[in-house]
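Working through the structure, step by step
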Amino acid sequence: MFSRVLKSTQLCYVFRSNFSTSSKVDVKVAVLGAAGGIGQPLSLLLKQSPLISHLALYDIAHTPGVAADLSHIETRPKVTGHLGSEQLAECVKGAALVLIPAGVPRKPGMTRDDLFNTNASIVANLIDACAKNCPKAMIGIITNPVNSTVPIAAEVLKKRGVFDEKRLFGVTTLDVVRSNTFIAEGKGLDVTKVNCPVIGGHSGITIVPVISQCTPAVSFPQEERIKLSVRIQNAGTEVVEAKAGAGSATLSMAYAANKFARDLLEAMNGTEGKVQCAFVRSDETEAKYFATPVLLGKNGVEKNLGIGHLLDYERNLVTAAMPELIANIKKGEEFVAKNFK
Ligand SMILES: NC(=O)c1ccc[n+]([C@@H]2O[C@H](COP(=O)([O-])OP(=O)(O)OC[C@H]3O[C@@H](n4cnc5c(N)ncnc54)[C@H](O)[C@@H]3O)[C@@H](O)[C@H]2O)c1
Ligand SMILES: O=C(O)C[C@H](O)C(=O)O
């Protein structure tokens with residue numbers, strides 16, 4: 001059933017599903033940037049979740065079409081499409097989880113930091129709407145540069161008096177997904193059984209794969225370990241170059257964000273033992289935000305599981321990451337201090 005709901009100045013496209021489900025808990029998930037290269041496949045994957053009752057899709061373009069399309073899928077979540085800034089508040093209102101892939105992607109030759117000028121204000125404005133309309137929501141930031149957009153989000157939430165460090169995540173799952181894939185390929189392992197933590201940040205040398213903590217344990221000659229680590233650090237660029245101007249990773253990112261969201265939603269629903277690496281507020285190093293494995297729970301980060309034991313080689317990678325990571329974080333914080341009232 002399709003209905004157009006007019007609320008004051010807002011025109012929102014609502015699609016209701018007639019399917020019942022055994023799950024009783026109402027969980028609204030909002031995707032901001034839902035019509036984009038990541039947003040569309042991510043929304044498709046989320047639409048398959050029995051843990052979601054309402055999937056709210058926001059973008060500055062095309063959300064009515066994306067929502068109409070997804071709404072025909074015979075799964076639990078009701079889908080609503082929200083178009084343009086006047087429908088943002090309604091999209092995020094009451095959301096338990098907000099995922100943000102809104103903003104521009106890289107082209108060949110660009111660094112993630114080159115996206116800062118465009119994406120910083122996009123993220124700040126979206127987070128402001130979250131602060132006002134779903135202050136208790138878990139927020140997963142996908143938009144690059146993640147090393148700066150997460151501190152931007154934190155500073156906006158602080159300005160609005162609703163920052164809860166346990167509920168804000170930079171989504172770095174794709175680094176783990178890539179590590180698992182490359183290690184499994186290299187060692188001839190069943191990839192579904194491989195789990196390699198990736199710590200630090202989410203750009204170039206700030207990405208630190210911890211191959212020594214991989215499950216199952218794997219060993220590489222030092223030269224191969226270096227080659228593999230460099231490939232993981234540059235995997236985003238590998239995709240940007242292969243796409244030759246048509247954007248960056250979208251499908252693998254949608255897979256990764258869905259994996260992260262699924263574990264977080266399950267943890268919020270009471271399942272114990274869900275662990276994901278994420279870029280969170282941290283006291284592990286001198287960087288205020290740092291990705292490590294975190295135990296997820298009903299209230300977000302239940303416990304930061306920390307860096308753990310590193311090989312000298314991995315410790316050196318962390319040391320090398322620090323100046324860039326700290327500068328990226330500072331840049332995000334200063335952006336909000338200067339530009340956001
Ligand atoms: N965290 C990660 O591991 C990771 C991985 C891949 C990509 N990314 C980042 O994700 C972001 C999105 O990538 P993409 O490939 O989906 O880009 P895209 O251009 O295909 O899609 C971005 C979407 O954002 C929308 N948008 C722009 N401004 C907006 C606003 N103010 N409010 C709401 N929506 C807005 C656009 O209309 C578009 O639909 C990029 O910054 C990219 O670098 C991060
Ligand atoms: O590389 C990019 O710009 C996108 C993303 O951060 C990635 O790692 O694929």
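Not measured: the values here are computed from a predicted model.

The rules behind the values
- Residues numbered from 1 in each chain as written.
- Chains lettered and ligands numbered in written order.
- Predicted model: local features only at pLDDT ≥ 70, side-chain atom pairs only at ≥ 80, totals over all residues.
- UniProt positions renumbered as here; feature names shortened; annotations may be inferred.
- Helix = DSSP H or I, 4+ residues; strand = E, 2+ residues; numbered from the N terminus.
- Buried ≥ 20, exposed ≤ 12 C-beta atoms within 10 Å, placed from the backbone.
- Contact = placed C-beta atoms within 7 Å.
- Near = placed C-beta within 6 Å.
- Nonpolar A, V, L, I, M, F, W, Y, C, P; charged D, E, K, R; others polar.

1. Some points on the UniProt feature "binding site: substrate" (unreviewed entry) in the protein chain
As recorded in UniProt, the sites labelled "binding site: substrate" (unreviewed entry) are Arg106, Arg112, Asn144 and Arg178. By secondary structure assignment, the location of Arg106 is in the loop between β6 (97-100) and α4 (116-133). Here Arg106 falls in the buried class, since 22 other C-beta atoms lie within 10 Å of it. Setting aside anything within four residues of it in sequence, one finds Arg106 in contact with Arg112, Leu115, Val240 and Ser248. Locating Arg112 in the fold gives a position in the loop between β6 and α4. Residue Arg112 is classed as buried on the basis of its C-beta count, with 26 C-beta atoms lying within 10 Å. When near neighbours in sequence (up to four residues on either side) are disregarded, Arg112 contacts Arg106, Asn144, Pro145 and Ser203.

2. Brief notes about the site of ligand 1
Close contacts around ligand 1 come from 32 residues, with Gly33, Gly36, Gly37, Ala102 and Asn144 the closest. The biggest single contributor to the shell around ligand 1 is α4, with three residues. Its residues placed into classes, the shell around ligand 1 shows 18 nonpolar, twelve polar and two charged.

3. Looking at the site of ligand 2
Near ligand 2 you find Pro105, Arg106, Arg112, Asn144, Leu174, His202, Gly236, Thr237, Val239, Val240, Ser248 and Ala249, and these make up its full shell. Considering each element in turn, the shell around ligand 2 owes the most residues, four residues, to helix α8 (residues 235-243).

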